[in-house]
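Observations on the model geometry
Here is how the chains run, residue by residue.
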Amino acid sequence: MNITVMTLFPEMFTALNHSIVARAQEEKRIELNYVNFRDYSTNRHGRVDDSPYGGGAGMLLTPQPIFDAVAALPEAKRRIIVLTPTGRRFDQRLAEEWSQEKELVFLCGHYEGFDQRIHDELVTDEVSLGDFVLTGGELAAMTMIDATVRLLPDVLGKSASHEDDSFSTGLLEYPHYTRPANFRGLTVPDVLLSGNHARIETWRRQQALKRTLERRPDLLDQVTLSDADRRYLQS
Ligand code: ADE
């Protein structure tokens, strides 16, 4: 997968040069490229922003540097994603969809955002990290890149899997325990030590249902529940 990030602050993205996303780059499963669209500004001071028509606080990113930076990208069938709190909310389903793409472009805004003509003419997806406002799109882009890249084949390695992840099943994930079985009097649920895989599966499913009901009941409307699930939730 080829990922291009268009940003005024490419140095922020060093966070992606660590851990699993770094390994994905080393193993050539992804290629990350950065474009500082200030380099495309025809303004002799390299300006990329201006005040809004109609008045109001804040500055907007002007069309010229961004149109020219996008025009300079290699031609390909690609998604151009703009990070904005007014976009559709990012979620695991969107990460899964993006992980099927060959080419993604992230456009990171600052100040009050972009001139609307950028949205209208260049952008295929407007996406928000959540219902809060960041100082810029970079942290949102990094988060979304991380969530997408870990879903690519072989990125997590054989011992780790994302199939049971929270949200992949439509539920929050069940709790996990590792050794020791008794840590300063804090014990691991007996069922996990039983070696009975069917009982363990049932317990995990029930824990996932319980957590989701307590913390994110809204998610339960979108999952397919078995009769056993319903009986558990009603108990
Ligand atoms: N830029 C500023 N706030 C944002 C948010 N919540 N999501 C994505 N991009 C943003």
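No experiment lies behind these values; they were computed from the predicted model shown. (Residues numbered from 1 in each chain as written. Predicted model: local features only at pLDDT ≥ 70, side-chain atom pairs only at ≥ 80, totals over all residues.)

**So, the overall build of the protein chain**
If you tally the helices and strands in the protein chain, you get eight helices and nine strands. A burial count over the protein chain gives 23% of its 235 residues as buried. (Helix = DSSP H or I, 4+ residues; strand = E, 2+ residues; numbered from the N terminus. Buried ≥ 20, exposed ≤ 12 C-beta atoms within 10 Å, placed from the backbone.)

**Side note on unusual backbone geometry**
Backbone torsion omega between arginine 179 and proline 180 reads 5°, so that peptide bond is classified as cis. For proline 180, the location among the structural elements is in the loop between helix H5 (138–149) and strand E8 (182–183). For lysine 28, which is not a glycine, the phi torsion comes out positive at approximately 60°. Tracing the sequence through the fold places lysine 28 in the loop between helix H1 (19–26) and strand E2 (31–35). Even without a glycine there, the phi angle at aspartate 154 is positive, about 70°. Considering the arrangement of structural elements, one finds aspartate 154 in the loop between H5 and E8. Residue aspartate 154 is classed as exposed on the basis of its C-beta count, with 9 C-beta atoms lying within 10 Å.

**A closer look at the environment of leucine 152**
Here leucine 152 shows up in the loop between H5 and E8. Look at leucine 152 and you get partly exposed, because 14 C-beta atoms sit within 10 Å. Measuring from C-alpha to C-alpha, the distance between leucine 152 and glutamate 96 comes to 8.8 Å, with 56 residues separating the pair along the chain.

**Quick look at the site of the ligand**
Near the ligand the following residues occur: Leu83, Thr84, Pro85, Ser128, Leu129, Gly130, Phe132, Val133, Leu134, Gly137 and Ala140. Among the elements that take part in the shell around the ligand, strand E5 (residues 79–89) stands out by supplying three residues, more than any other. Partitioning the shell around the ligand into residue classes produces seven nonpolar, four polar and no charged. (Near = placed C-beta within 6 Å. Nonpolar A, V, L, I, M, F, W, Y, C, P; charged D, E, K, R; others polar.)

**Observations concerning the UniProt feature "binding site: S-adenosyl-L-methionine" (unreviewed entry) in the protein chain**
The UniProt record annotates "binding site: S-adenosyl-L-methionine" (unreviewed entry) at Gly109, Leu129, Gly130, Asp131, Phe132, Val133 and Leu134. Along the chain, aspartate 131 turns up in the loop between strand E7 (125–128) and H5. Counting through the fold element by element, leucine 134 comes out in the loop between E7 and H5. A count of 18 C-beta atoms within 10 Å places leucine 134 in the partly exposed class. Apart from the residues within four sequence positions on either side, leucine 134 is in contact with Leu129, Leu139 and Ala140. (UniProt positions renumbered as here; feature names shortened; annotations may be inferred. Contact = placed C-beta atoms within 7 Å.)

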